[in-house]
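Listed below, chain by chain, are the residues.
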Amino acid sequence: MKKSIRILLYTALLSGAVLLSQGCGGSAEDGTTADNDVDTSDSRAQGKPSDGENTSSDLACPSVNGALRVQGTQLVDKNGSPVQLRGISTHGLAWFPDYVNEACFQQLHEEWQANVIRLAMYTAEYGGYCTGGDREALKQLIDDGVSFAENQDMYAVIDWHILSDSNPNIYLEDAKLFFDEMAGKYADSDHVLYEICNEPNGSTSWSEVKSYAEQVIPVIRARDEDAVILVGTPNWSQSVDQAAADPIASYENILYTLHFYAATHTDDLRAKLSEAVDGGLPVFVSEYGICDAGGSGAIDQAQADLWIETLDKYGISYIAWNLSNKEETSAMLKSGCGKTSGFVQEDLSDAGRWVYQTLRN
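## Re the confidence of the model for the protein
Now for step 1: This prediction gives the protein a mean pLDDT of 87; 84% of its residues lie at or above 70.
Now for step 2: Of all secondary-structure elements in the protein, the lowest mean pLDDT belongs to strand E2 (residues 17–21), at 31, while strand E7 (residues 155–161) reaches the highest, 99.
Now for step 3: pLDDT under 50 marks residues 1–23. Its contacts with residues more than four places away, or in other chains, come to 77 contacts.
Now for step 4: Counting interchain partners and residues more than four positions distant, the pLDDT-below-50 stretch residues 25–56 has 70 contacts.

## Quick word on the environment of Leu-75
Now for step 1: Mapped onto the elements, Leu-75 comes out in strand E4 (residues 74–76).
Now for step 2: Exposure remark for Leu-75: the relative accessible area of 4% places this residue in the buried category.

## Some words on the pattern of salt bridges
Now for step 1: For the coordinates displayed, the defined rule picks out 15 salt bridges.
Now for step 2: Arg-135 serves as the salt-bridge partner of Asp-174, at 3.1 Å between the closest nitrogen and oxygen. In this pair, Asp-174 is assigned in helix H5 (residues 172–186) and Arg-135 in helix H4 (residues 135–151), connecting sequence segments 39 residues apart.
Now for step 3: Lys-176 is paired through a salt bridge with Glu-173; the nearest N and O atoms lie 3.6 Å apart.

Parameters and conventions
Residues numbered from 1 in each chain as written. Predicted model: local features only at pLDDT ≥ 70, side-chain atom pairs only at ≥ 80, totals over all residues. Heavy atoms only, no water. pLDDT = per-residue confidence, 0-100. Helix = DSSP H or I, 4+ residues; strand = E, 2+ residues; numbered from the N terminus. Contact = heavy atoms within 4.5 Å. Buried < 20%, exposed > 50% of the residue type's maximum accessible area, 1.4 Å probe, protein only. Salt bridge = Lys/Arg side-chain N within 4 Å of Asp/Glu carboxyl O.

Dropping the structure here:
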């Protein structure tokens, strides 16, 4: 039997003003912030939903929507109703472990109105799962994150975050063992999704990614028959056209990932996305930023807004990179912010403020 989810009620302080939220299935009461840097005419920045905006009661959440599945190009809930997940990704768990805490997740859900958290575990890089990292500590962080997400009525994405390893087949056997353990542990959880290869890149072809996926997916399916699985695409998860031309036909409940950074990826990649979805490919944007693809360049809010408009048009889920105070443009927090929860507007970077307002919209 699937686990029941308890909805928590709490009173959060945001910039010296109280914002009362009841989470999914409840109602949000109007509140204001005391941050003089935020335009008080902007209802999103004040925590006041304006006409047509979602309140917390509109958020899809496990306690109400249950386990998700893929129907056509759309992510749907247990009743077949369309669902859109919108949330935030951690940075590498080995580098920024302290943000995996319940108070942080509670604030992201109840104030930011995020309904999904992505737990990004690098496979290579320093401290990577497959390159000398503390595997037990990393798995404990994932367990904690999944548990906190459940407590806060959020969905959680377990992300096998390949990057410098470029080809997921390099650590295929490690991936199979890892996902066998994760799927065995969370087979009865309504709120867990599996992302099996973050960003295949370099010379890695779709045929290589597909071969990898067709070996990892059955490992998950042996433990969990219907979990939603996210599959990366070549060229840092941009080549959804290649997946559309040759999708994985042997398994259901599969989504293909597209990643974008708004100051780099514009009309051409949006057109590629639209063509793929119009052609029948289910897509999930499991990582995006509003800066350039390097993560540290200028922000392009106009392009970011166009991306969100397109994603909302198709009902595509999206997760922002990243929850950290790393000194880079894509980080949600200013580098000088030492907090791991209880964030106020002054703690947020420009990207963080944009994401906060967008999630509340």
